[in-house]
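Structure at a glance
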Amino acid sequence: MKRDFLALSDLGPEGIERLLDLAKQLHEARHAPDHPRPLAGRSVALLFEKASTRTRVSLEIAVHELGGHPLVMTSQDSQLARGESLADTVRVLDRMVDVIAFRTFGRDRLLELAKVAKVPVINALTDDAHPLQLLADLYTVRTVKGRLSGLSYAWVGDGNNMARSWIEAARLLRLKLVLACPAGFEPPEDEVELACRAGATVTVVHDPRQACQLADVISTDVWASMGQEDEHQRRALAFKDFRITTALVGAAARDVVILHCLPAHRGEEIDNDVIEGPRSFVWDQAEARLHTAKAVLSWVLART
């Protein structure tokens with residue numbers, strides 16, 4: 001049986017903490033001569049239908065440092081751009097690579113690829129979820145705070161794929177999470193309800209200050225995600241009061257951790273003084289993408 005990483009829940013009970021433990025081991029051993037090389041003699045296809053910086057860089061370097069060969073493909077520079085089906089593309093890759101990481105739009109395309117592929121598949125982002133990024137966020141919080149449980153988490157902004165991945169993490173880890181979203185931009189109610197039934201405390205509000213009051217962690221993202229650029233003006237009006245400002249940070253715990261998955265539009269979803277301020281761990285968060293990517297690659301290959 002192959003082992004896919006399509007969502008955080010694929011890690012199983014207590015799987016997030018175990019994977020973060022592995023990421024920490026790989027982080028600490030990064031420059032050691034005996035760094036694990038589970039990808040020695042293996043290749044990983046990194047297939048991108050959306051633009052990427054951190055996901056591409058972290059996965060490419062992770063594959064290399066684990067001893068493997070990364071093969072980067074975009075839809076524009078492959079036959080996908082000329083009408084070749086996703087299934088046919090996967091059948092070719094299947095015979096030449098050992099893992100496929102796929103960054104795409106709808107979850108249906110990710111599931112189509114995973115169904116056809118005989119090698120492990122990694123979700124490198126869909127419109128519904130970004131589990132690789134969430135692992136890096138959790139790794140950063142645990143590194144700074146020493147734990148994940150017993151903290152108050154706040155999300156300010158769109159109920160997008162990142163917000164939904166935070167809800168999934170809250171469900172699996174039984175976290176306290178408050179999401180502040182403008183009316184009409186909330187995450188799906190059924191996902192919030194599912195998390196609450198699992199023992200998490202997840203609340204959706206329309207007041208950023210309410211969400212951030214005494215929060216230990218505050219996260220945000222751009223107001224318009226990839227593919228929503230034509231909505232930017234409308235979203236800028238709807239989200240104008242959902243900016244992470246110094247005043248908003250002042251409502252949080254004194255040792256609050258500020259996160260942003262990047263890219264950041266300073267002056268929109270977050271002020272420059274905040275992202276460059278003493279409570280910002282955004283650059284540690286970005287680096288964590290490498291260590292957690294290594295852990296995910298090692299995890300999916302543990303069955304092969």
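Structural notes, computed from the coordinates. (Residues numbered from 1 in each chain as written. Predicted model: local features only at pLDDT ≥ 70, side-chain atom pairs only at ≥ 80, totals over all residues. Heavy atoms only, no water.)

**Points about the packing of aromatic side chains**
This is how the line gets drawn: The pairing test for Phe, Tyr and Trp rings, Trp by its six-membered ring, is centres within 6.5 Å, and the orientation test on the planes gives stacked under 30 degrees, edge-to-face over 60, and tilted for anything in between. Secondary structure elements are taken from DSSP: a helix is a run of H or I of four residues or more, a strand is a run of E of two residues or more, and numbering for both begins at the N terminus. For the exposure calls, accessible area comes from a 1.4 Å probe over protein chains only, and a residue counts as buried if that area is under 20% of its type's maximum, exposed if over 50%, partly exposed in between.
Counted under the stated rule, the structure contains five aromatic pairs. With 5.5 Å between their ring centres and 45 degrees between their planes, Tyr-153 and Trp-166 make a pair best called tilted. Pair noted here: Tyr-153 is in strand β5 (residues 152–156) and Trp-166 is in helix α6 (residues 161–173), with a separation of 13 residues, a long-range link. Here the aromatic rings of Trp-223 and Phe-239 are separated by 6.0 Å at their centres, their planes lie at 25 degrees, and the arrangement is stacked. Taken as a pair, Trp-223 in the loop between β8 (217–220) and α9 (232–238) and Phe-239 in the loop between α9 and α10 (246–250) lie far apart in primary sequence, 16 residues in all. Classification of Phe-239 by relative accessible area gives buried; the value is 0%.

**Thoughts on the layout of surface pockets**
Applied cut-off: Lining residues are those with an atom within 4 Å of a point, where the points come from a 1 Å grid over the protein atoms alone and group into cavities, where a 1.4 Å probe fits but cannot get out, or pockets, open sets with protein on both sides within 12 Å along at least five of seven lines. Grid points are joined across faces, edges and corners, and a volume is the space filled by probe spheres set on the points. Each residue is assigned to one of three groups, with Ala, Val, Leu, Ile, Met, Phe, Trp, Tyr, Cys and Pro labelled nonpolar, Asp, Glu, Lys and Arg labelled charged, and all others, Gly among them, labelled polar.
For the second largest pocket, the calculated volume is near 270 Å³. If you trace the second largest pocket, you find it lined by Ala-7, Arg-107, Asp-128, Ala-129, Arg-164, Ser-165, Ile-167, Glu-168, Arg-171, Glu-191 and Leu-194. Of all the secondary structure elements, the ones that give two or more residues to the lining of the second largest pocket are α6 and α7 (189–197). Looking at which element gives the most residues to the lining of the second largest pocket, the answer is α6, with five residues. Partitioning the lining of the second largest pocket into residue classes produces four nonpolar, one polar and six charged.

**A closer look at the state of the cysteines**
Heads up, the rule is: Throughout, a disulfide means two cysteine sulfur atoms within 2.5 Å of one another.
Within this structure, the stated rule accounts for zero disulfides. Here Cys-196 stays unpaired: no disulfide links it, and the sulfur of Cys-181, its closest cysteine neighbor, is 14 Å away.

**Points about the pattern of salt bridges**
A side chain with one charge may pair with a side chain of the opposite charge, provided their charged atoms come close. What counts is decided by this rule: Should a side-chain nitrogen of Lys or Arg be within 4 Å of a carboxyl oxygen of Asp or Glu, the pair is scored as a salt bridge.
Per the counting criterion, the structure on display carries 21 salt bridges. Close ionic contact of Lys-145 with Asp-255 constitutes a salt bridge, the shortest N to O distance being 3.1 Å. Of the two residues, Lys-145 sits in helix α5 (residues 131–145) while Asp-255 sits in the loop between α10 and β9 (257–260), which places them 110 residues apart along the sequence. Using a relative accessible area of 40% as the deciding quantity, one classes Asp-255 as partly exposed. For the salt bridge of Arg-171 with Glu-168, the shortest nitrogen-to-oxygen distance reads 3.8 Å. Taken together, the residues Arg-171 and Glu-168, both in helix α6 and three residues apart, mark about one turn of the helix.

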